[in-house]
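Close look at the chain arrangement
One-letter residues, chain by chain:
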Amino acid sequence: MFTLRFDMRAPSIGAPPTELYAAACEMSAWAETRGCVAVVLCEHHCADDGYLPSPLLMGAAIAARTEQLMLNLTILLPFYDVARLAEDICVLDHISAGRATYVFGIGYRAEEFGHFGLSMSDRGRIADEKLGVLRRLLAGEEVEHGGRRMKVTPRPRTPEGLMLNWGGSSLAAARRAGRNGLGLLANGGVPGMQEAYEKACRDNGFEPGFVLIPERDVVANLFVAEDVDAAWEEIGKYLLHDAMTYSEWNPDNQVSANMSTARTVDDLRRTSASHVILSVEEARQRLAGGEMFNLSPLCGGMPPDIAWRYLKRFAELE
């Protein structure tokens, strides 16, 4: 089994955005017939390389091309009008027939808060406030808040409620997930995170839900090649762009997965646990051992014709 992840970076070294967006939809439709269980869509704003700013719109496009594939969307909650977000979530629930799940976060880039006219120091308060209103709206309540009267239609398709999680890589994130009765789908971990989550759940009348706290060395961008040396020569620059950009955005981050301090392709190959190219033999061994593979086929704006070769090479392992 495997997942696909798309962040739609389109740096100058890679393919144009139009080609990348078309390829992501095609790859999703193709992959669901070959063991792919979910597509992960991330969110950032005003990035120089065009990082995906609209996971809900992208999720709708992929949902319309697929039938069974789960969609996992990252939503940076402070940046949304909560009534409009609830409406979009409900519509996507119908388009996808209940296949969309969510991971909320508070954001961490000052440029993004400036983009939306918000103070980064208020992000926790804003997130808590909006999350409470959002959940009431999704439950069908008419909500009066901040001088507004809000009621969302249509109601969600999913009668038992949508799967909502909180992200992050801190004790504060774990506690926020717990006190709101959400799952915890972290992007890294610190000591005591699961315990803090479970305590916050029970202190607020909830049973702990789904928890995933990845190790820092989890493979987030995996490729398979017949000739590993040739593959690094061909696609290393795209992987390096991805790794360096995340590192520049997170200069002091020592806990999140998908981080590397590499500044050259050789350094990335030698030191990175997150950006990995495996030989066919090693990939088969790890797949046979039950490892879930996380693929990012368009990593760093990789041209689709190149990306398809590596994706199909992976699919041939079984």
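A short tour of the structure in this document, coming up. (Residues numbered from 1 in each chain as written. Predicted model: local features only at pLDDT ≥ 70, side-chain atom pairs only at ≥ 80, totals over all residues. Heavy atoms only, no water.)

**Side note on empty space enclosed by the protein**
Quick reminder of the rule: Here a cavity is any set of points on a 1 Å grid over the protein atoms alone where a 1.4 Å probe fits but cannot get out, and a pocket is any open set with protein on both sides within 12 Å along at least 5 of 7 lines; a residue lines the site when it has an atom within 4 Å of a point. Grid points are joined across faces, edges and corners, and a volume is the space filled by probe spheres set on the points. A run of DSSP states H or I qualifies as a helix once it reaches four residues; a run of E qualifies as a strand once it reaches two. Both are numbered from the N-terminal end. Ten residue types, Ala, Val, Leu, Ile, Met, Phe, Trp, Tyr, Cys and Pro, are classed as nonpolar, four, Asp, Glu, Lys and Arg, as charged, and the remainder, Gly among them, as polar.
Applying the stated criterion across every chain yields a total of 1 cavity of 30 Å³ or more. Volume-wise, the largest cavity comes out at about 60 Å³. Lining of the largest cavity is provided by Leu222, Phe223, Val224, Leu295, Ser296, Pro297, Ala307, Tyr310, Leu311 and Phe314. Ranked by residue count, the leading element in the lining of the largest cavity is helix 11 (residues 304-315), at 4 residues. Split into classes, the residues belonging to the lining of the largest cavity amount to 9 nonpolar, 1 polar and no charged.

**Quick word on the sheet that holds strand 3 (residues 70-76)**
Filter applied, for reference: In this scheme, strands are said to pair when DSSP sees at least two bridges between them. Between two residues, a contact is recorded if the distance between any of their heavy atoms is within 4.5 Å. To obtain each axis, a line is fitted to C-alpha atoms, and for helices this fit is confined to the stretch in contact; angles are then taken between N-to-C directions over 0 to 180 degrees.
Spatially, 8 strands are ordered 9-8-7-4-3-2-1-12 in an open sheet, and the strand pairing comes out parallel. With one partner strand each, in any of the chains shown, strand 9 (211-212) and strand 12 (293-295) form the two edges of the open sheet. Running at roughly 170 degrees to strand 1 (residues 2-6), helix 1 (residues 17-31) makes contact with strand 1 and strand 2 (36-41) of the sheet.

**Overview of helix 6 (residues 171-179)**
Spelled out, the test is: Burial classification: accessible surface area is computed with a 1.4 Å probe over protein chains only, and a residue below 20% of its type maximum counts as buried, one above 50% as exposed, and the rest as partly exposed.
Listed in full, the buried residues belonging to helix 6 are Ala173, Ala174, Arg176, Ala177 and Gly178. Residues of helix 6 that are buried sit in contact with helix 5 (123-138), strand 7 (164-166), strand 8 (183-185) and helix 7 (193-203). Downstream of helix 6 by a residue or two, glycine 181 has a phi angle that is positive, lying close to 70 degrees.

**Details of the packing of helix 3 (residues 82-95) against helix 5**
Going by this rule: In what follows, roughly perpendicular refers to angles from 65 to 115 degrees, roughly parallel to angles under 35, roughly antiparallel to angles over 145, and oblique to any angle outside these ranges. Should the near helix be turned anticlockwise from the far one by less than a right angle, the crossing is termed left-handed; should it be turned clockwise, right-handed.
Contact geometry of helix 3 with helix 5 gives a least axis separation of 9 Å together with a crossing angle of 45 degrees. Judged by the angle between their axes, helix 3 and helix 5 are oblique. The chirality of how helix 3 crosses helix 5 is right-handed. In this structure, helix 3 uses Val82, Ala83, Leu85, Ala86, Ile89 and Cys90 to contact helix 5, whose residues at the interface are Lys130, Val133, Leu134, Leu137 and Leu138. Across the contact of helix 3 with helix 5, the residue classes tally to 10 nonpolar, no polar and 1 charged.

**Side note on the packing of aromatic side chains**
Cut-off, in case you're wondering: In summary, the pairing rule links any two rings of Phe, Tyr or Trp, Trp by its six-membered ring, whose centres are within 6.5 Å, and it sorts them by plane angle into stacked for under 30 degrees, edge-to-face for over 60 and tilted for everything else. Charge-over-ring contacts are defined here by two conditions on Lys NZ or Arg CZ: a distance within 6 Å of the ring centre and an angle within 35 degrees of the ring normal.
Enumeration according to the criterion identifies 11 aromatic pairs in this entry. Seen from their ring centres, tryptophan 30 and tryptophan 308 are 5.5 Å apart, and the 90 degrees between their planes marks the pair as edge-to-face. With tryptophan 30 in helix 1 and tryptophan 308 in helix 11, this pair connects stretches of sequence that are 278 residues apart. Given the relative accessible area of 16%, tryptophan 30 is considered buried. Ring pairs connect the aromatic residues Phe2, Phe293 and Phe314, which therefore count as one cluster. The ring of tyrosine 246 carries the charged tip of arginine 9 above its face, separated from the ring centre by 4.6 Å. Here arginine 109 stacks its cationic end above the ring of tryptophan 249, 4.1 Å away from the centre of that ring.

**Observations regarding the side chain of histidine 45**
As for its placement among the helices and strands, histidine 45 is situated in the loop between strand 2 and helix 2 (55-65). Residue histidine 45 is classed as buried on the basis of its relative accessible area of 8%. Non-local contacts of histidine 45, meaning those with residues more than four positions away in its chain, are made with Pro53, Phe79, Arg109, Glu112, His115 and Phe116.

**Some thoughts on the layout of surface pockets**
The space that makes up the largest pocket amounts to roughly 1500 Å³. As for the largest pocket, its lining consists of 50 residues, of which Thr74, Val103, Leu185, Ala186 and Asn187 are closest to the centre. If you list the elements that add at least two residues to the lining of the largest pocket, you get strand 1, strand 2, strand 3, strand 4 (100-105), strand 7 and helix 6. Here the lining of the largest pocket takes 5 residues from strand 3, the largest share from any one element. Across the lining of the largest pocket, the residue classes tally to 28 nonpolar, 18 polar and 4 charged. Counted as a void, the second largest pocket has a volume near 260 Å³. What lines the second largest pocket is a set of 16 residues, among which Ser54, Pro55, Leu56, Leu57 and Asp88 lie closest to the centre. Among the elements of the structure, helix 2 and helix 3 are those that each provide at least two residues to the lining of the second largest pocket. Tallied by class, residues from the lining of the second largest pocket come to 11 nonpolar, 3 polar and 2 charged.

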